[in-house]
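The primary structure of each chain is shown beneath.
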Amino acid sequence: GTVEPLTYKDIAAADGSVHNAAVFQLQAQATWTRLQAYKTLLEQSGIDMLEGPMHTETRAAYLDAEAERILNQQEMARMEGRAIRYGAVVQLLHVSSGSYLSTSRQAAAGGNLVTLDREAGEAGYWRVMPRLRVHNEGSKVRTGDPLLLVALEAQHCLALSGRSLISIDPAQATDSTNTGFRLRLYRSIAEEVVGVLAGGKACTLFHKEIDAFIVADAASGVRMLAGTTGPDAPVNAIWQLLHDEEPGRYSGGVCQWGGRFRLRHAATGCYLAVRASMEIALVHATESLDDLELTLFKFVPQYPMAGQILTSHFLRVVHVGTSAFLHAEARG
């Protein structure tokens, strides 16, 4: 299968199934020697993959590959929950399709196309490497760290080129080729829950009295912009809601009144903040970590209520550190 990146605007305009389609599970490196032998036998025999399990020439090799798969699953269960360290080799399992992110020989603009393959084998091995010098091989990978994913076979980096995922020789990477990625922890919510506010989702903040979005950009900072609600919201009005369970750990569960949240601006990657001087600003993640209350907010219902926050609810946004409400007024 093909891999197509989605922007936050794509996610905001789509239904909940898109969120599941963007989820990958990190797995420890598995052994696929028997699977590789089986695939080689199929190619040499000219037998189709669908016929292989029952064909007399390939059935024994198929059973060996299945036994290897079961051993790998047992090893995955044993390794579950252990810390990932820089330098480790992992596999990226696409949860909804059951396929692995893998390199291919198919050429793409600037490199080779990256695909999803249920039988990826060694083509699905990726080494996790630090992107910044402050991280070293052997140290733990933490949620949000910028990192590189290097294909073990070709020693090419996973990269985003336009709207395509490719693997590229690091020496050929250009300014328009993004080889840096961040891992975000995902926690699913019940699929049947519709219309609830959930951690990790993209959203807009719309002021109902003055009909304007809260938007932000590097040049003008945080401001209000008149517009209409819905998928036509401008890109700079999209925020990712981070449900703050504890510093550095965010929940993908349903948001409740009384919970604490951070608002990450999708276009810039910066966080909405209120300084002690009552200045509303965008700050980088490093500044947010230095002062945790700087970017911490809670939602207060328009009328007294408890329980889940629905996307249809009107709410007030309160900065935890200053106890101040975000406020807007029409001018001119």
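Residues numbered from 1 in each chain as written. Predicted model: local features only at pLDDT ≥ 70, side-chain atom pairs only at ≥ 80, totals over all residues. Heavy atoms only, no water.

J.: Just to check I follow, could you spell out the overall build of the protein chain for this structure?
T.: Within the protein chain, the regular secondary structure consists of five helices and 21 strands. Residue burial in the protein chain is summarised as follows: out of 332 residues, 39% are buried. In the protein chain, the share of contacts with a sequence separation of at least 24, taken over all contacts with a separation of at least 6, comes to 56%. Of the roughly 18,700 Å² of accessible surface on the protein chain, a fraction of 51% belongs to carbon and sulfur atoms. (Helix = DSSP H or I, 4+ residues; strand = E, 2+ residues; numbered from the N terminus. Buried < 20%, exposed > 50% of the residue type's maximum accessible area, 1.4 Å probe, protein only. Contact = heavy atoms within 4.5 Å. Areas by Shrake-Rupley, 256 points an atom, 1.4 Å probe, with all protein chains shown as cover.)

J.: Please explain helix α3 (residues 33–45) as it appears in this structure.
T.: Note on helix geometry: an α-helix contains 3.6 residues per turn, so any two residues three or four positions apart are oriented the same way. Between its first and last C-alpha atoms α3 spans 18 Å; for 13 residues at 1.5 Å apiece the expected length is 18 Å, and the two agree. Among all positions of α3, only Leu35, Tyr38, Lys39 and Leu42 are buried. Viewed end-on, α3 has its buried residues packed into an arc of 95 degrees, placing them on one side of the element. Where α3 is buried, its residues touch α4 (59–79) and β4 (111–117). Remark: glycine 46 follows α3 within two positions and exhibits a positive phi of approximately 70 degrees. (Expected span 1.5 Å × (residues − 1). Arc of directions from axis to C-beta.)

J.: Explanation requested: the pattern of salt bridges in the structure shown.
T.: Side chains that carry opposite charge are capable of pairing whenever their charged atoms lie near each other. A complete count under the given rule lists three salt bridges for this structure. Across the pair glutamate 66 and arginine 69 runs a salt bridge whose closest N-O atoms are separated by 3.2 Å. Here glutamate 66 pairs with arginine 69, and both are found in helix α4, just three residues apart, close to one helical turn. Ionic pairing is found between arginine 275 and glutamate 279, a salt bridge with its closest N-O pair at 3.6 Å. Classification of arginine 275 by relative accessible area gives partly exposed; the value is 25%. (Salt bridge = Lys/Arg side-chain N within 4 Å of Asp/Glu carboxyl O.)

J.: Just checking my understanding: could you explain the sheet that holds strand β14 (residues 221–226) for this structure?
T.: Note on sheets: strands pair through backbone hydrogen bonds, and any given pair is parallel or antiparallel. Read across the sheet, three strands follow the order β12-β13-β14 without closing on themselves; strand pairing throughout is antiparallel. Bordering the open sheet on either side are β12 (206–207) and β14, each of which pairs with just one other strand. (Pairing = 2+ DSSP bridges.)

J.: Would you mind going over the environment of alanine 273 with me for this structure?
T.: Here alanine 273 is to be found in strand β18 (residues 271–274). Judged by relative accessible area, alanine 273 falls into the buried class, the value being 0%. Taking the C-alpha atoms as reference, alanine 273 lies 6.5 Å from valine 283; in sequence the two are ten residues apart. If sequence neighbours within four positions are ignored, alanine 273 has contacts with Glu279, Ile280, Ala281, Val283, Leu294, Thr295 and Phe297.

J.: Explain the nonpolar core here, please?
T.: Nonpolar side chains tend toward joint burial in soluble globular proteins. Of all hydrophobic cores here, the largest spans 19 residues; its most connected members are Trp239, Leu241, Phe299 and Ile309. Those residues in contact with leucine 241 that lie beyond four places of it in its chain are Leu197, Ala198, Gly199, Gly200, Lys201, Cys203, Cys255, Phe261, Arg262, Leu263 and Phe299. (Core = buried A, V, L, I, M, F, W, Y, C linked by side-chain atoms within 4.5 Å.)

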